[in-house]
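Read off the chains here:
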Amino acid sequence: MDIGYTTDQLRAAAADAVRAPSLHNTQPWRLRLRDGGIEVLADPTRRLPATDPSGWGVRIACGAALFNLRVALAAAGAPARVRLRPDPAEPDLLARLVPDVPRRPTPAEQSLHAAIPRRFSNRLPFWPDPVPADARWRLAEAARAEQCWLELLIGVSAVTAFGEIARSAHRVLERDPAYRAERQRWLRQEPAPDGVPASAGGPQHEPQDVLPTRGFGGRDRAPGRDFEPEPLVGVLGSVGNTAVDQVVAGQALQRVLLTATDAGLSVSLLSQPIEVPTAREQLRLSLGRFGAPQMALRIGYGQPGRPTPRRAVDEVLTAPTAGAIAG
Ligand SMILES: Cc1cc2nc3c(=O)[nH]c(=O)nc-3n(C[C@H](O)[C@H](O)[C@H](O)COP(=O)(O)O)c2cc1C
């Protein structure tokens with residue numbers, strides 16, 4: 001059987017990879033063609049030193065981009081074998097994908113692939129309709145399929161306790177001028193290929209809100225358009241918290257997000273309680289879970305919205321000798 005990728009397949013998969021979410025839409029990844037495969041590298045020049053001093057957010061975003069690559073190649077009938085952190089001499093090299101035996105895509109792979117261009121962070125209030133049990137089960141299963149866990153908080157007291165941890169982490173972060181400056185630097189009032197468009201920023205935080213919002217631009221909200229009083233909150237976690245665990249968690253995050261999109265659900269991400277170490281530990285203890293919380297998600301039925309811009313694939317995808325590859 002013929003095993004090998006065409007350049008067109010790799011380019012198409014790269015275009016899907018860059019649709020992944022990232023902190024402040026920094027898109028902190030590079031993709032490299034090598035030996036007939038494709039590699040995902042962290043781009044340290046796009047790390048946020050104040051918001052993400054350890055590089056956790058870079059590795060989550062790169063893991064999400066890696067998941068998109070896997071799904072795109074599988075949906076094209078050309079699945080990949082993946083090695084994480086394949087070369088200790090090159091720590092920014094997070095994953096190498098090489099061709100596996102071609103096979104027909106599964107319906108699940110096709111659905112996840114179709115969800116890639118439709119997924120976006122929805123920071124607006126959701127409708128109060130509850131998320132049904134079968135959709136919750138699918139989301140938890142998506143995390144499990146990627147060796148992670150997704151704890152969906154049940155009951156007002158669990159959500160209130162989470163909200164307290166998240167709001168106190170938010171206050172800690174807001175006290176840091178460098179953190180605030182970074183958020184401001186990545187907020188976009190004019191069209192741009194990266195950063196968070198003000199139009200996607202969601203409403204301004206108000207005292208009655210259970211969960212903190214990141215405060216990108218922050219439009220005033222119409223009277224009565226409050227956030228849902230009992231949001232469905234999920235916490236995604238991994239078994240450990242090494243660099244590889246964080247790349248694994250990024251893949252699980254993207255699988256959960258695409259599964260949610262496929263189920264007609266909207267999601268916004270909240271990482272303040274992950275970014276503040278004491279809050280993260282409080283969160284872990286409150287969940288009674290082993291391992292490490294890696295992301296919190298607000299999940300529900302949202303109003304339609306628009307995916308945010310990305311840099312062109314040619315800016316991200318390189319071949320080691322020939323520079324940016326031609327079409
Ligand atoms: C590691 C990580 C942390 C994030 N934290 C937040 C957050 O705290 N608040 C928020 O509104 N969005 C958060 N996001 C979402 C990004 O802002 C969003 O993915 C990015 O702006 C691109 O937009 P999109 O998701 O609509 O494609 C986070 C994303 C990642 C990958």
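Residues numbered from 1 in each chain as written. Predicted model: local features only at pLDDT ≥ 70, side-chain atom pairs only at ≥ 80, totals over all residues. Heavy atoms only, no water.

Remarks on the overall build of the protein chain
So, step 1. Helix and strand content of the protein chain: 10 helices and 12 strands.
So, step 2. The C-alpha atoms of the protein chain give 19 Å as radius of gyration, which agrees with the globular expectation for 327 residues (20 Å, within 12%).
So, step 3. When the backbone C-alpha atoms are referred to their principal axes, the protein chain occupies close to 60 × 40 × 35 Å.
So, step 4. Classification of the 327 residues of the protein chain by burial places 53% in the buried group.
So, step 5. By sequence separation, contacts in the protein chain at least 24 residues apart represent 76% of the contacts at least 6 residues apart. (Helix = DSSP H or I, 4+ residues; strand = E, 2+ residues; numbered from the N terminus. Rg over C-alpha atoms; globule rule 2.2 N^0.38 Å. Buried < 20%, exposed > 50% of the residue type's maximum accessible area, 1.4 Å probe, protein only. Contact = heavy atoms within 4.5 Å.)

Observations concerning the environment of Pro117
So, step 1. Take Pro117: it is sitting in the loop between helix H3 (107-115) and helix H4 (133-145).
So, step 2. C-alpha separation for the pair Pro117 and Phe227, spaced 110 residues apart in sequence, amounts to 26 Å.

Quick word on the sheet that holds strand S8 (residues 232-238)
So, step 1. The sheet built from four strands is open, its strands ordered S5-S8-S10-S9 with antiparallel pairing. Edge positions in the open sheet fall to strand S5 (148-152) and strand S9 (266-270), since each of these has one partner strand only. Going across the sheet, the axis of each strand differs from the next one's by a mean of 30°, ignoring polarity.
So, step 2. Of the strand pairs in this sheet, S9 and strand S10 (residues 292-300) are connected by five bridges, and their pairing is antiparallel. Across the sheet, the residue bridging to Ser266 is Gly300, located in S10. (Pairing = 2+ DSSP bridges. Axes fitted to C-alpha atoms, helices over the stretch in contact; angles between N-to-C directions.)

Notes on the site of the ligand
So, step 1. With respect to spatial proximity, 22 residues lie near the ligand, and among them Arg119, Ser121, Arg123, Ser271 and Arg310 are the closest.
So, step 2. Within the backbone of Ser22, an N or O atom sits 3.3 Å from an oxygen atom of the ligand.
So, step 3. At a separation of 3.2 Å, an oxygen atom of the ligand approaches a polar side-chain atom of Arg214.
So, step 4. In isolation the ligand offers 620 Å² of accessible surface; the protein chains occlude 98% of this area. (Near = heavy atom within 4 Å. Polar contact = N/O pair within 3.5 Å; in protein donor to acceptor, adjacent residues only side chain to side chain. Areas by Shrake-Rupley, 256 points an atom, 1.4 Å probe, with all protein chains shown as cover.)

Some points on the packing of H3 against helix H7 (residues 243-262)
So, step 1. Between H3 and H7, the least distance of the axes is 8 Å, while the angle of their chain directions is 90°. For the element pair H3 / H7, the angle class is roughly perpendicular. On the side of H3, the interface is formed by Ser111, Leu112 and Ala115, while H7 contributes Arg255, Leu258, Thr259, Thr261 and Asp262.
So, step 2. Along the lines of polarity and charge, the residues of the contact of H3 with H7 split into three nonpolar, three polar and two charged. (Parallel < 35°, antiparallel > 145°, perpendicular 65-115°, else oblique. Nonpolar A, V, L, I, M, F, W, Y, C, P; charged D, E, K, R; others polar.)

Regarding the pattern of salt bridges
So, step 1. Scanning all chains against the criterion turns up 17 salt bridges.
So, step 2. Salt-bridge contacts for Asp194 lead to Arg46; the nearest nitrogen and oxygen are separated by 3.2 Å. Here Asp194, found in the loop between strand S6 (187-188) and strand S7 (196-197), pairs with Arg46, found in the loop between strand S2 (37-42) and helix H2 (56-75); they are 148 residues apart in sequence, far enough to count as distant.
So, step 3. Overall, Arg46 belongs to the buried group, its relative accessible area being 15%.
So, step 4. Notably, a salt bridge pairs Arg311 with Glu315, separated by 3.8 Å at the nearest N-O pair.
So, step 5. Given the relative accessible area of 6%, Arg311 is considered buried.
So, step 6. Take Glu315: its relative accessible area is 52%, and that puts it in the exposed class.
So, step 7. When salt bridges with common partners are traced through the structure, they connect Arg32, Glu39, Glu90 and Arg96 into a single cluster. (Salt bridge = Lys/Arg side-chain N within 4 Å of Asp/Glu carboxyl O.)

What to know about H7
So, step 1. The end-to-end C-alpha separation of H7 is 29 Å, in line with the 28 Å expected for 20 residues at 1.5 Å each.
So, step 2. The element H7 is extensively covered by neighbouring structure, given that 17 of its 20 residues are classed as buried.
So, step 3. Following H7 by one or two positions, Gly264 adopts a phi angle in the positive range, close to 80°. (Expected span 1.5 Å × (residues − 1).)

As for the packing of aromatic side chains
For any pair of aromatic rings, geometry is given as the distance between the ring centres together with the angle between the planes.
So, step 1. Enumeration according to the criterion identifies zero aromatic pairs in this entry.
So, step 2. Over the aromatic face of Phe126 sits the side chain of Arg298, whose NZ or CZ is 3.8 Å from the ring centroid. (Phe/Tyr/Trp six-rings, centres within 6.5 Å; stacked < 30°, edge-to-face > 60°. Lys NZ or Arg CZ within 6 Å of the ring centre and 35° of its normal.)

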